[in-house]
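# Understanding the architecture of this molecule
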Amino acid sequence: MRKKVTLITGANGEIGQALIKYLAETQRTAILAIDIRPLDAPLKAMCHTAIEGDILDTRLFERLVSEYAITEIYHLAALLSTRAEFTPELAHRVNVQGTLNLLHLAIEQSRWQGRSVKFLFPSSIAVYGLPDLQTKSYAGPVKEYAWNMATTMYGCNKMYCEHLGRYYARYYRQLAADPEPYGVDFRSVRFPGLISAFTLPSGGTSDFAPEMIHSAAQGKPYACFVRPDTRIPFMAMPDAIKALIDLSKPEKSELKHLVYNVGSFSLSAGEIKDAVQKYYPDAKITFEPDPKRQQIVDTWPADVDDSSARKDWGWHPDYDVSRTFDEYLIPNIAQRYNS
Ligand code: SER
């Protein structure tokens, strides 16, 4: 008998680390973790197996399926939006070909197991592309189908992978004589900028918020790379994990869509500065906008309409702004840098 496992790619990333902790602690899930960088020992200890490997390495997957029955996939590996602009073709390979490899694995596993394997995929507000600031200010909270004109390689990759997910879920080999009996049970959330107390993002364009908070906690000055009036939606990491877990639970028939916005709170960079200085009054925060990264954030919506997620699977965030700072960020960050 092959061991039943939940596969997590990008396991060493921000979402991956938080998800491993959650699944290991609360559900005692057997986790098969993959990341290009090795996991730290404590995180490794929470996994059934942790592999240092590349999602572009199809031989690796061939080996894995001979040893494991993969019952659920959280495909988190990706190059984020700023990083991807420096190496767009590499980003395309990792973000798109990597996802295709995982979808292929999922459909094969579905066939083997005689049921459709769940495939959880984090998409992003980067799939939106508002043409200018005036449009951004009147657009209000955007719906899933509006303004889908990504301007970054990362945003294009996420958008296309949502389509691939839909294809593998509903139309894979649709002309074959023996159509796919199960498909892949693809489910995706479009995340806003995520803020964790325990890790820092690398290569994202919403990084100014977490960087500002973590710098203040360490007594380091921070020059924010966007203007103070720059507003996008954000979410505390525990809510991001909750969104993935909550979306994984309903029966497929209860979900009207495959892709859902999830919102929590929306803040401008200036408001984040004010919130940070409430707790760290001496924090030295300045604004030195980088016109190119600014241009990217200016195309992202100020807020998202997540009414479909609320209606279909009962989405609601646990952490509003004050709870995010008071109960999650400030105490945990203080502990992290003072210990
Ligand atoms: N936070 C991501 C980024 O900045 C967007 O999903 O790239």
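Here is a short report on the structure shown in this document.

So, how was this worked out
Residues numbered from 1 in each chain as written. Predicted model: local features only at pLDDT ≥ 70, side-chain atom pairs only at ≥ 80, totals over all residues. Heavy atoms only, no water. Buried < 20%, exposed > 50% of the residue type's maximum accessible area, 1.4 Å probe, protein only. Helix = DSSP H or I, 4+ residues; strand = E, 2+ residues; numbered from the N terminus. Axes fitted to C-alpha atoms, helices over the stretch in contact; angles between N-to-C directions. Parallel < 35°, antiparallel > 145°, perpendicular 65-115°, else oblique. Left-handed = near helix turned anticlockwise from the far one by under 90°. Contact = heavy atoms within 4.5 Å. Nonpolar A, V, L, I, M, F, W, Y, C, P; charged D, E, K, R; others polar. Pairing = 2+ DSSP bridges. Near = heavy atom within 4 Å. Polar contact = N/O pair within 3.5 Å; in protein donor to acceptor, adjacent residues only side chain to side chain. Areas by Shrake-Rupley, 256 points an atom, 1.4 Å probe, with all protein chains shown as cover. Phe/Tyr/Trp six-rings, centres within 6.5 Å; stacked < 30°, edge-to-face > 60°. Lys NZ or Arg CZ within 6 Å of the ring centre and 35° of its normal. Expected span 1.5 Å × (residues − 1).

### Comments concerning helix H8 (residues 208-217)
- For H8, a buried count of nine out of 10 residues is recorded, marking the element as mostly surrounded by other parts of the structure.
- Those residues of H8 not exposed but buried are Phe208, Ala209, Pro210, Met212, Ile213, His214, Ser215, Ala216 and Ala217.
- Positive backbone phi, approximately 70 degrees, marks Gly219, located one or two places after H8.

### Re the packing of helix H5 (residues 88-113) against helix H7 (residues 153-170)
- The geometry of H5 relative to H7 is characterised by a closest axis approach of 10 Å and an angle of 15 degrees between their N-to-C directions. The angle between H5 and H7 falls in the class roughly parallel. Where H5 crosses over H7, the two elements pack in a sense that is right-handed. Residues Pro88, Ala91, His92, Asn95, Val96, Thr99, Leu100, Leu103, His104 and Ile107 of H5 touch H7, and the partners they reach there are Met153, Tyr154, Asn157, Tyr160, Cys161, Leu164, Gly165 and Tyr168.
- Each residue belonging to the contact of H5 with H7 can be placed in one class, and the counts come to 12 nonpolar, six polar and no charged.

### Quick notes on the pairing of strand S10 (residues 231-236)
- Most of S10 sits inside the fold, with five of its six residues counted as buried.
- Bridge count for strand S8 (residues 193-195) against S10 is three bridges, and the pairing is parallel. By the bridge assignment for S10, Gly193 is matched with Phe234.
- When S10 meets strand S12 (residues 265-268), the two strands line up antiparallel, connected through four bridges. For Ile232, the partnering residue across the bridge sits in S12 and is Leu267.

### Examining the site of the ligand
- Residues in close proximity to the ligand include Leu80, Ser81, Ser124, Tyr154, Gly204, Thr205, Ser206 and Trp300, which together make up its full environment.
- Between an oxygen atom of the ligand and a side-chain N or O atom of Tyr154, the distance comes to 3.0 Å.
- Ser206 has a polar side-chain atom sitting 2.9 Å from a nitrogen atom of the ligand.
- Considered on its own, the ligand offers 230 Å² of accessible surface; in the complex 91% of this is hidden by protein.

### Thoughts on the packing of aromatic side chains
- Summed over the entire model, instances satisfying the criterion amount to 12 aromatic pairs.
- Ring centres 5.6 Å apart and planes at 85 degrees place the aromatic pair Tyr167 and Tyr168 in the edge-to-face group.
- Owing to a relative accessible area of 30%, Tyr167 belongs among the partly exposed residues under this scheme.
- Where Phe208 meets Phe225, the ring centres are 5.7 Å apart and the plane angle is 90 degrees; that geometry is what we call edge-to-face. Taken together, the residues span a long stretch of sequence, with Phe208 in helix H8 and Phe225 in the loop between strand S9 (222-224) and S10 at a distance of 17 residues. For the pair shown, Phe208 and Phe225 are each scored as buried.
- Counting every residue linked through ring pairs, the aromatic cluster contains Phe119, Phe121 and Phe186.
- Positioned above the aromatic ring of Trp112 is the side chain of Arg2, whose terminal nitrogen or guanidinium carbon lies 4.8 Å from the ring centre.
- The ring of Phe225 carries Arg293 above its face, with NZ or CZ at 3.7 Å from the centroid.

### Looking at helix H9 (residues 237-248)
- Taking 1.5 Å of rise per residue, the 12 residues of H9 would be expected to cover 16 Å, and the 17 Å separating its terminal C-alpha atoms lies within 8% of that figure.
- Counting buried positions along H9 yields 10 of 12 residues, so the element is predominantly enclosed.
- Every buried residue of H9 is accounted for by Met237, Asp239, Ala240, Ile241, Lys242, Ala243, Leu244, Ile245, Leu247 and Ser248.

### Digging into the packing of helix H1 (residues 14-27) against H9
- Packing of H1 against H9 leaves a shortest axis separation of 10 Å and a crossing angle of 65 degrees. As far as their axial angle goes, H9 and H1 are roughly perpendicular. The hand of the H1/H9 crossing is right-handed. Between H1 and H9, the residues in contact are Glu14, Ile15, Ala18, Leu19, Tyr22, Leu23 and Gln27 and Met237, Ile241, Leu244 and Ile245, respectively.
- Residues belonging to the contact of H1 with H9 are distributed by class as follows: nine nonpolar, one polar and one charged.

### Comments concerning the side chain of Ser196
- Tracing the chain through its elements places Ser196 in the loop between S8 and H8.
- Polar contacts involving the side chain of Ser196 include one to the main-chain amide nitrogen of Phe198, which spans 3.0 Å.
- Not counting residues up to four positions away in its chain, the partners in contact with Ser196 are Glu14, His214, Met237, Tyr328 and Leu329.

### Section: the pairing of strand S4 (residues 68-75)
- Of all eight residues in S4, eight are buried; the element is thus mostly enclosed.
- With seven bridges connecting them, strand S1 (residues 3-9) and S4 associate as parallel partners. Considered in S4, the bridge of Lys3 is made with Tyr68.
- Across three bridges, the pairing between S4 and strand S5 (residues 118-124) is parallel. When the bridges of S5 are listed, Tyr74 appears paired with Leu120.

### Quick look at the sheet that holds S5
- Reading across from one edge, S3-S2-S1-S4-S5-S7-S11 is the order of the seven strands in this open sheet, with parallel pairing throughout. At either end of the open sheet lies a strand with only one pairing partner, and these are strand S3 (49-52) and strand S11 (259-261). Between one strand axis and the next, the sheet turns through 20 degrees on average, direction left out of account.
- With four bridges joining them, S1 and strand S2 (residues 31-35) adopt parallel strand pairing. Pairing of Thr6 across the sheet is with Ile31, part of S2.
- In the packing of H5 onto the sheet, contacts are made with S1, S4, S5 and strand S7 (185-191), and the angle to S4 comes to roughly 140 degrees.

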